[in-house]
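# Residue-level structure breakdown
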Amino acid sequence: LTILQGFQSSSDWDELAPRTQKDYVRLIKLIEAKFGDFPLSALSDRRTRAIFLAWRDARATSSRRQADYAWQVLARILSWAHGRGLVAANPCEKGGRLYRGSRADKVWTDADEAAFLASAPPHLYLPLMLALWTGQRQGDLLRLTWTQYDGKVIRLQQSKTGARVVIPVGAPLKAVLDEAGGRTGFILMTSDGKPWTADGFRSSWRKAQLAAGVV
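First, a word on what this report is: a plain description of the structure on this page.

Analysis parameters
- Residues numbered from 1 in each chain as written.
- Predicted model: local features only at pLDDT ≥ 70, side-chain atom pairs only at ≥ 80, totals over all residues.
- Heavy atoms only, no water.
- Helix = DSSP H or I, 4+ residues; strand = E, 2+ residues; numbered from the N terminus.
- Rg over C-alpha atoms; globule rule 2.2 N^0.38 Å.
- Buried < 20%, exposed > 50% of the residue type's maximum accessible area, 1.4 Å probe, protein only.
- Contact = heavy atoms within 4.5 Å.
- Areas by Shrake-Rupley, 256 points an atom, 1.4 Å probe, with all protein chains shown as cover.
- Lys, Arg positive; Asp, Glu negative; His and termini not counted.
- Charge placed at Lys NZ, Arg CZ, Asp CG, Glu CD.
- Pairing = 2+ DSSP bridges.
- Patch = residues over 30% accessible without salt bridge, like charges linked within 9 Å, V, L, I, M, F, W, Y side chains within 5 Å.
- Salt bridge = Lys/Arg side-chain N within 4 Å of Asp/Glu carboxyl O.
- Expected span 1.5 Å × (residues − 1).
- Arc of directions from axis to C-beta.
- Core = buried A, V, L, I, M, F, W, Y, C linked by side-chain atoms within 4.5 Å.

Turning our attention to the overall build of the protein. Along the protein, the regular secondary structure elements total ten helices and two strands. Sequence-ordered secondary structure for the protein, helices as α and strands as β, is α-α-α-α-α-α-α-α-β-β-α-α. Since a compact globule built from 215 residues should have a radius of gyration of about 17 Å, the 21 Å found for the protein marks it as more spread out than a globular shape. Projected onto the principal axes, the alpha-carbon positions of the protein cover approximately 60 × 35 × 30 Å. Per-residue burial for the protein yields a buried fraction of 35% across its 215 residues. Across the protein, every contact between residues at least 6 apart in sequence was considered, and the portion connecting residues at least 24 apart equals 60%. Only carbon and sulfur atoms are counted for the fraction: they give 52% of the accessible area of the protein, which is about 12,800 Å². Charge-centre separation for the protein: the mean point of 31 positive side chains lies 3 Å from the mean point of 20 negative side chains.

This part takes up the pairing of strand E1 (residues 153-157). Direction of pairing for E1 relative to strand E2 (residues 164-168): antiparallel, over a ladder of five bridges. Along E2, the bridge assignment pairs Leu156 with Val165. Linking E1 back to E2 in an antiparallel pair, the connection comprises six residues, with Gly162 at a positive phi of about 80°.

A separate point is a positive patch on the surface. A cluster of basic residues, Arg65, Arg97, Arg137 and Lys160, forms a positive patch at the surface. Mapped onto the secondary structure, Arg65 falls in helix H5 (residues 64-83). Looking at Arg65, the relative accessible area reads 48%, which means it is partly exposed.

On to helix H10 (residues 198-212). Between the first and last C-alpha of H10 there are 21 Å, a value that for 15 residues agrees with the 21 Å anticipated at 1.5 Å per step. For H10, the complete set of buried residues consists of Phe201, Trp205, Ala208, Gln209 and Ala212. For H10, the angular spread of the buried residues around the axis is 105°, confining them to a single face. Exposed residues pointing more than 90 degrees away from the buried face of H10 are listed as Asp199, Lys207 and Ala211. For H10, the elements touching its buried residues are helix H6 (110-119), helix H7 (125-134) and helix H8 (138-142).

Of all hydrophobic cores here, the largest spans 27 residues; its most connected members are Leu130, Ile154, Leu177 and Ile187. Taken together, the elements giving at least two residues each to this core come down to H7, H8, E1, helix H9 (171-180) and H10. Dropping the residues within four chain positions of it, Leu177 is found in contact with Leu126, Trp146, Tyr149, Ile154, Val169 and Ile187. Counting residues in hydrophobic clusters, the runner-up holds 26 residues, among them Trp13, Leu43, Ala75 and Leu78.

A side chain with one charge may pair with a side chain of the opposite charge, provided their charged atoms come close. Tallied over the full model, the rule gives five salt bridges. For Asp140, the salt bridge goes to Arg143, with nearest N and O atoms at 2.9 Å. Measuring nitrogen to oxygen at the nearest pair gives 2.3 Å for the salt bridge that ties Asp199 to Arg202. Of this pair, Asp199 and Arg202 both sit in helix H10, three residues apart, which is roughly one turn of that helix. On the basis of relative accessible area, Arg202 is assigned to the partly exposed category, the value being 27%.

Okay, here's the thing in structure tokens:
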């Protein structure tokens, strides 16, 4: 499908976060291996949806979550192509989800927070407070700069949704931010005063979780 390459050269692709692009590339290779010679003219055939669903179901035997992700990527690419008149239909539209996971076991209790704060290194205190008080994704928090905080609110654009949000800063978070006292650069920094990499932060955070007994 030439639309696979077209999507990766589009402005829609440029708006994806680097990590999301990396995930998409992996899945696009799988899609290309399976449907690379699939005729675009067949996308409007009512039987095509069943073919794509069968592919998703086969992938679900090893991982429902990954099957859904691959379907999501294919659906997004076809939606992009359909919107530009490159294909006549998007047979993956409104495909639903196979995976129905619960995040109940991922919610920290007050005891978890206290245990983490008691044992974690000081430079991980602010990341926890930002996560608790803003509810934003890790990647967006790591990219926050001091210019996005005016003493009352934090303004950011979510990398996944593209939405611009304004988050009122509660007193506990404000106290921590004001104590940190930064005025330029990134808000969250390593113990060496350098910006975090995504992998570096996840590794340090995981070690701190294990040390605190919060898993």
